[in-house]
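As a plain string of letters, each chain reads:
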Number of protein chains: 2
Amino acid sequence: MEAPIRLVYFEDNKALREGMSFLFQATPGFALLGAFENCKNLKETIAAWQPDVVLMDIDMPGLSGIQAVPIVKALSPATQVLMLTVVDDADAIFQAIRNGASGYLLKNTSPADILTAIRDIHRGGSPMTPSVARKVLLHFQQPKPGGEDYGLSTREMEILRGLVKGNSFKGMADELSISVETVRTHVRHIYEKLQVNSKTEAVLKALREGLTR
Amino acid sequence: MEAPIRLVYFEDNKALREGMSFLFQATPGFALLGAFENCKNLKETIAAWQPDVVLMDIDMPGLSGIQAVPIVKALSPATQVLMLTVVDDADAIFQAIRNGASGYLLKNTSPADILTAIRDIHRGGSPMTPSVARKVLLHFQQPKPGGEDYGLSTREMEILRGLVKGNSFKGMADELSISVETVRTHVRHIYEKLQVNSKTEAVLKALREGLTR
DNA sequence: CTTTCTCTCACCCGTTTGGAGTATTGACTA
DNA sequence: TAGTCAATACTCCAAACGGGTGAGAGAAAG
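Residues numbered from 1 in each chain as written. Chains lettered and ligands numbered in written order. Predicted model: local features only at pLDDT ≥ 70, side-chain atom pairs only at ≥ 80, totals over all residues. Heavy atoms only, no water.

The name recorded for chain A in an unreviewed UniProt entry is Response regulator transcription factor, from Nibrella saemangeumensis.

Given below as structure tokens:
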């Protein structure tokens, strides 16, 4: 038998907190260290217990769940934070994730699935409600909304990729076995097409708009 | 009663394909339009049927599932593609996502959960196996894996942020109301600390390691 | 068979950067 | 109080870059 998952739970709704607490206590494999209605004693609690998993409601009076995440991660880096909320808001999701949360569930998730999610997160997974996951994915694939094509030629793309790697004109000239002057010409054409006027700007634009893929 | 989910299934393993096909046919709410062992007739199939959801195995002979995704999305943008695979490989995941896949399940997922995932994806969610989701999240919060500090001073950080915005030395000098020479001095100190030797390299390093946050 | 595009190379000119020093001031620290 | 460091500024030099102009060879398109 494995060691139980040492859990701390933050939830301001009393009924829900007590209900879930009962569930955690009744389920083998879980050790509920504490259930709190706010983050008042957050630091002391986390620092002292170093729990495996923190189940954190987002909407709480006082310190919000999102603000609490970085504090938890700072005091106990190994602790996995699972956010639980009713608000399916993109900004909140990303802030929580950037702050170090490892999972994100909406409150319509069934108690059984929450138990499963806690086991998942403890095993190194990142349980996410599908609608939340979709928002995350969109930030990955949308980098090209206007997806403009600037009409760069093959050679120009090659040069641009070189710039993005941080190469100098001379370096690329050698690499491509052409004259530095030729590289400069290509670069000037690239600048015109991208409407920039320096290496750095070209690199930034290329990176931001994913031109090098 | 709602319209059934119109589904197309690609899977090279015959036993698995037939088993899942039976399940789809037996489950109310699902309409299996076709199940194929490879992507030979991918274009015709997708173009003609415009399915709601495509369940796509990644490891297939011939055209791989990953290569198939962009084709599906091109021919039928509204179709949601759910990847199904044994390989829990980060690169494969990101390629599939960038190509337009909306969900990603490992093959150890139970048939019941696959059915749920298909309903989720059809409702606009992005079902993801927790271990896959973790890989995705890491790319968001990765900012500090080696999280080096480099010990940049306040002023140096300010200058670095300027570089990342594409400013020239002169531009920053004006902005900060200091001499260009001073900017140059700061920049040289930044180069030493970051161990680079050009503006572009500094910008790239700053971006990659999230130093400007 | 011209026109257009891409890739190639060259020269000029002025500005911006990189590299290496030196130096003054003020603030913090041992 | 002496030492360290950040921030400021300057000088000299050489390399790299940005902008302008021109031009030849080959391929693709009209």
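So that's the structure; there's more coming.
A. Quick look at the protein's contact with DNA strand C. Contacts to DNA strand C come from 19 residues, most closely from A:Ser153, A:Ser179, B:Arg184, B:Tyr191 and B:Lys199. Protein-proximal atoms of DNA strand C, defined as those within 4 Å of the protein, fall in sugar or phosphate at a share of 55%. Within the side chain of A:His186, one N or O atom sits 2.9 Å away from a phosphate oxygen of DNA strand C. Contacts to DNA strand C include B:Tyr191, whose side-chain N or O atom sits 2.6 Å from a phosphate oxygen. Listed by contribution, the elements that provide at least two residues to the surface near DNA strand C are helix H7 (154-164) and helix H9 (180-194) of chain A together with helix H8 (169-176) and helix H9 (180-194) of chain B. If you tally residues by element for the surface near DNA strand C, the top one is H9(A), at five residues. (Near = heavy atom within 4 Å. Polar contact = N/O pair within 3.5 Å; in protein donor to acceptor, adjacent residues only side chain to side chain. Helix = DSSP H or I, 4+ residues; strand = E, 2+ residues; numbered from the N terminus.)

B. View of the UniProt feature "domain: Response regulatory" (unreviewed entry) in chain A. UniProt annotation of "domain: Response regulatory" (unreviewed entry) refers to residues 6-122 of chain A when read in the numbering used here. End-to-end, the C-alpha atoms of residues 6-122 of chain A are 10 Å apart, and along that stretch the chain is 46% helix and 23% strand. (UniProt positions renumbered as here; feature names shortened; annotations may be inferred.)

C. Quick look at the nonpolar core. In terms of nonpolar packing, the biggest core is built from 58 residues, with A:Met56 and B:Met56 touching the most fellow members. In this structure, A:Met56 is in contact with A:Phe10, A:Cys39, A:Gly65, A:Ala68, A:Val72, A:Val81, A:Leu82, A:Met83 and A:Leu84, ignoring residues within four places of it in sequence. (Core = buried A, V, L, I, M, F, W, Y, C linked by side-chain atoms within 4.5 Å. Buried < 20%, exposed > 50% of the residue type's maximum accessible area, 1.4 Å probe, protein only. Contact = heavy atoms within 4.5 Å.)

D. Broad picture of the packing of helix H8 (residues 169-176) of chain A against H9(A). All names here are of chain A. At a closest axis distance of 8 Å, the pairing of H8 and H9 adopts a crossing angle of 115 degrees. Considering their axes alone, H8 and H9 lie roughly perpendicular with respect to each other. By crossing handedness, the relation of H8 to H9 is classed as right-handed. Across the interface between the two elements, Phe169, Lys170, Met172 and Ala173 of H8 pack against Val180, Val183, Arg184, Val187 and Tyr191 of H9. Class assignment of the residues belonging to the contact of H8 with H9 gives a composition of seven nonpolar, no polar and two charged. (Axes fitted to C-alpha atoms, helices over the stretch in contact; angles between N-to-C directions. Parallel < 35°, antiparallel > 145°, perpendicular 65-115°, else oblique. Left-handed = near helix turned anticlockwise from the far one by under 90°. Nonpolar A, V, L, I, M, F, W, Y, C, P; charged D, E, K, R; others polar.)

E. The protein's contact with DNA strand D, seen in detail. Around DNA strand D lies a shell of 20 residues, among which A:Arg184, A:Lys199, B:Ser153, B:Ser179 and B:His186 are the nearest. The sugar-phosphate backbone supplies 54% of the atoms of DNA strand D found within 4 Å of the protein. In this structure, a phosphate oxygen belonging to DNA strand D sits 3.3 Å away from a main-chain N or O atom of A:Phe169. B:Arg155 is positioned such that a nitrogen or oxygen atom in its side chain is 2.7 Å from a phosphate oxygen of DNA strand D. For the surface near DNA strand D, the elements supplying multiple residues, two or more each, are H8 and H9 of chain A together with helix H7 (154-164) and H9 of chain B. By residue number, the principal contributor to the surface near DNA strand D is H9(B), which donates six residues. Its residues assigned to classes, the surface near DNA strand D shows three nonpolar, nine polar and eight charged.

F. Expanded view of the interface of chain B and chain A. Of the residues lining the interface, 34 residues belong to chain B; the matching set on chain A comes to 34 residues. Summed over the three residues of chain B that lose the most area to chain A, namely B:Arg134, B:Leu137 and B:Phe140, the buried surface amounts to 24% of that side. For the pair chain B and chain A, the number of links is zero salt bridges. Counting across the interface, chain B meets chain A through ten residue pairs in polar contact (both at pLDDT 80 or more). Counting only elements with at least two residues in the side of chain B that touches chain A, the list comes to helix H4 (90-99), helix H5 (111-122), helix H6 (130-141), H7 and helix H10 (199-208) of chain B. Residue contributions to the side of chain B that touches chain A peak at nine residues, all from H6(B). When grouped by side-chain class, the residues that make up the side of chain B that touches chain A number 16 nonpolar, eleven polar and seven charged. (Buried area = accessible area lost by both parts, 1.4 Å probe. Salt bridge = Lys/Arg side-chain N within 4 Å of Asp/Glu carboxyl O.)

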